[in-house]
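Structural characterization, general
Letter by letter, the chains look like this.
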Amino acid sequence: MLNSGHTVLQRYLQKLIPMAARGLLHTKNSRLYNMNCFWLIRFSTEIVLRPVSSRHFYLKTESANADSRQENGILVNNLACMGVDVKMVRRRQPGILKKQITNEEGLKRFLQSKGATNEVIASIISRYPRAITRSYECLEKRWELWRSILMTDLEIVNILGRSPESFFRSSNNINMEKNITFFCSLGLTSKHLCNMLTRAPRVFSNRMELNKQMIDLLHEICLSLGGENPNDFVKHIISKNVFILLRSSKQVNANVEFLQSSFHLSNEELLALLHGGGADILDLSNEYIKKNFTNAKGKLLSLGCTEREVDRFFISYPSVLFLSSKTLSDKIDCLLQAKVHIKQIVEMSRILDISISTIRSKVKELEKTSYDLRTNGIGILSLSKKRFEAKLEKLHSAQRLIKRTESIL
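Notes on the structure in this doc start here. Note that the structure is a prediction, hence the values are computed from the model and not measured.

Bringing the overall build of the protein chain into the picture now. The helix and strand tally for the protein chain stands at 21 helices and three strands. Evaluated residue by residue, the protein chain yields a buried proportion of 41% over its 409 residues. When contacts within the protein chain are restricted to residue pairs at least 6 apart in sequence, long-range pairs at least 24 apart make up 66% of them.

Helix packing for two helices is described by the angle between their axes and how far apart those axes are. For the pair helix 12 (residues 230-240) and helix 14 (residues 267-275), the least separation of the axes is 9 Å and the interaxial angle reads 45 degrees. In terms of orientation, helix 12 lies oblique with respect to helix 14. Between helix 12, through F233, H236 and I237, and helix 14, the contact on the second element is made entirely by L271, L274 and H275. Considering only residue class, the contact of helix 12 with helix 14 consists of four nonpolar, two polar and no charged.

Moving on, we get to the environment of E393. Residue placement: E393 occurs in helix 21 (residues 385-408). Using a relative accessible area of 44% as the deciding quantity, one classes E393 as partly exposed.

One pass over the structure, following the stated rule, counts 13 salt bridges. Of the charged contacts in the structure, one is a salt bridge between D232 and K235, with a shortest N-O distance of 3.6 Å. You can see D232 and its partner K235 sitting in helix 12, three residues apart, about one turn around the helix. Using a relative accessible area of 38% as the deciding quantity, one classes D232 as partly exposed. A relative accessible area of 23% places K235 in the partly exposed class. Measuring nitrogen to oxygen at the nearest pair gives 3.5 Å for the salt bridge that ties K368 to E365. Residue classification places K368 among the partly exposed positions, given a relative accessible area of 48%.

Within helix 10 (residues 190-199), the full set of buried residues consists of L193, M196 and L197. Burial along helix 10 is one-sided: seen end-on, the buried residues are contained in an arc of 95 degrees.

So, about the environment of I132. Position of I132 among the secondary structure elements: in the loop between helix 5 (118-127) and helix 6 (136-147). Sequence separation of I132 and E105 is 27 residues, and the distance between their C-alpha atoms is 8.3 Å. Every residue in contact with I132, bar those within four places of it in the chain, is listed here: L75, I96, T102, N103, E104, L107 and I125.

This part takes up the packing of aromatic side chains. For the coordinates displayed, the defined rule picks out twelve aromatic pairs. Taking 5.7 Å as the distance between ring centres and 45 degrees as the angle between the ring planes, the aromatic pair formed by F182 and F183 counts as tilted. You can call F182 buried: its relative accessible area is 12%. A centroid spacing of 5.6 Å and a plane angle of 80 degrees characterise the contact between F183 and F204, whose relative ring orientation is edge-to-face. Separated by 21 residues along the polypeptide, F183 in helix 9 (residues 173-185) and F204 in the loop between helix 10 and helix 11 (208-224) bring together distant segments of the chain. Each member of the pair, F183 as well as F204, carries the same accessibility label: buried. Grouping aromatic residues by their ring pairs yields a cluster made of F110, Y136, W143, W146, F167 and F168. Here K362 stacks its cationic end above the ring of F388, 5.1 Å away from the centre of that ring.

Take the packing of helix 17 (residues 325-337) against helix 19 (residues 356-367) next. Two elements in contact, helix 17 and helix 19, have axes whose closest approach is 10 Å; the angle formed by their N-to-C orientations is 5 degrees. As the angle between them shows, helix 17 and helix 19 are arranged roughly parallel. Counting all contacts with helix 17, which are made through D330, K331, C334 and L335, the residues of helix 19 involved are I356, I359 and R360. Residue composition of the contact of helix 17 with helix 19, grouped by class: four nonpolar, no polar and three charged.

Basis of the calculations
- Residues numbered from 1 in each chain as written.
- Predicted model: local features only at pLDDT ≥ 70, side-chain atom pairs only at ≥ 80, totals over all residues.
- Heavy atoms only, no water.
- Helix = DSSP H or I, 4+ residues; strand = E, 2+ residues; numbered from the N terminus.
- Buried < 20%, exposed > 50% of the residue type's maximum accessible area, 1.4 Å probe, protein only.
- Contact = heavy atoms within 4.5 Å.
- Axes fitted to C-alpha atoms, helices over the stretch in contact; angles between N-to-C directions.
- Parallel < 35°, antiparallel > 145°, perpendicular 65-115°, else oblique.
- Nonpolar A, V, L, I, M, F, W, Y, C, P; charged D, E, K, R; others polar.
- Salt bridge = Lys/Arg side-chain N within 4 Å of Asp/Glu carboxyl O.
- Arc of directions from axis to C-beta.
- Phe/Tyr/Trp six-rings, centres within 6.5 Å; stacked < 30°, edge-to-face > 60°.
- Lys NZ or Arg CZ within 6 Å of the ring centre and 35° of its normal.

Shown next, in the form of structure tokens:
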């Protein structure tokens, strides 16, 4: 009987909705006009008829799962009591707060057993809320894998404090185990793996096939440039720039081709560059490198440098491509104002590692000793603070001696 009534109701609604669309519900003779309540019939959606005025109704469809969109109040309260920034959770991963089954208390006990403070735990959950969905077994296995690389629990806690995503982003422990085995097969030592996990832990969450694809590319680059030991080449590149494993093969390959064509390098010269400072910039955006190269080259040429001098400048200091065009321009202008010649800057390009404020303060101190940077060289500017102060004291002593001698004469 219930099924029969349900069928009749469905048929009635099929007639009702077109009527509503044509405005037929607005007439006084409509059976719906005299209703002082609303219909609520649940199928895949809720169809709701509500009185709008004494003469009109409107038709509204609402999801039958409206209640499921509400946050889990118990979970929200639990997180708040733990010191978690619930507002941050809503911004980052709002769906987590609607889950009915979570493991926030288990996660807290687990991390406490590893030496994490309540403040660190709250910060981890605030920044990566998905952490509370990991089971105890998953956490234990992942911790065991990380401990096979790192020496202490505290090291792992410190990494989680900086980058919680690196540990909780994936629950695929089998994939991480495959990555560890794969990297070891390349001859990477525990020291290499520790460096990788400390600096770029997301590498171990990559699919092993993706990491292998990048390693195969590095092998191909080495062999195509005349290298004889591709595994040593890979170890060197990764130890210098582990972030390369977080980039696409297409991006890295484009950067290698750009270095060779822009700096006019032979295969042998390019291989040497990649064994040196060139490895540091392989993970940068290709567009970023091109933009910075174009602006830096234009700046140097405008100051009287030759094409060959510009090439030597980049080859000796490829890390200059990290600097934005404005930063590079400001540093060069600062040195020129101190009466340093552009040729000196090109020949000692690492002077550009120094901040503008440090350059200015050192130049100001040297001016008091009448030190001529163009005559005596700019190497003094790159000295550490302790060595610079010692050198400065010697210069002051020499200046005082000269003045005493002149007064005697």
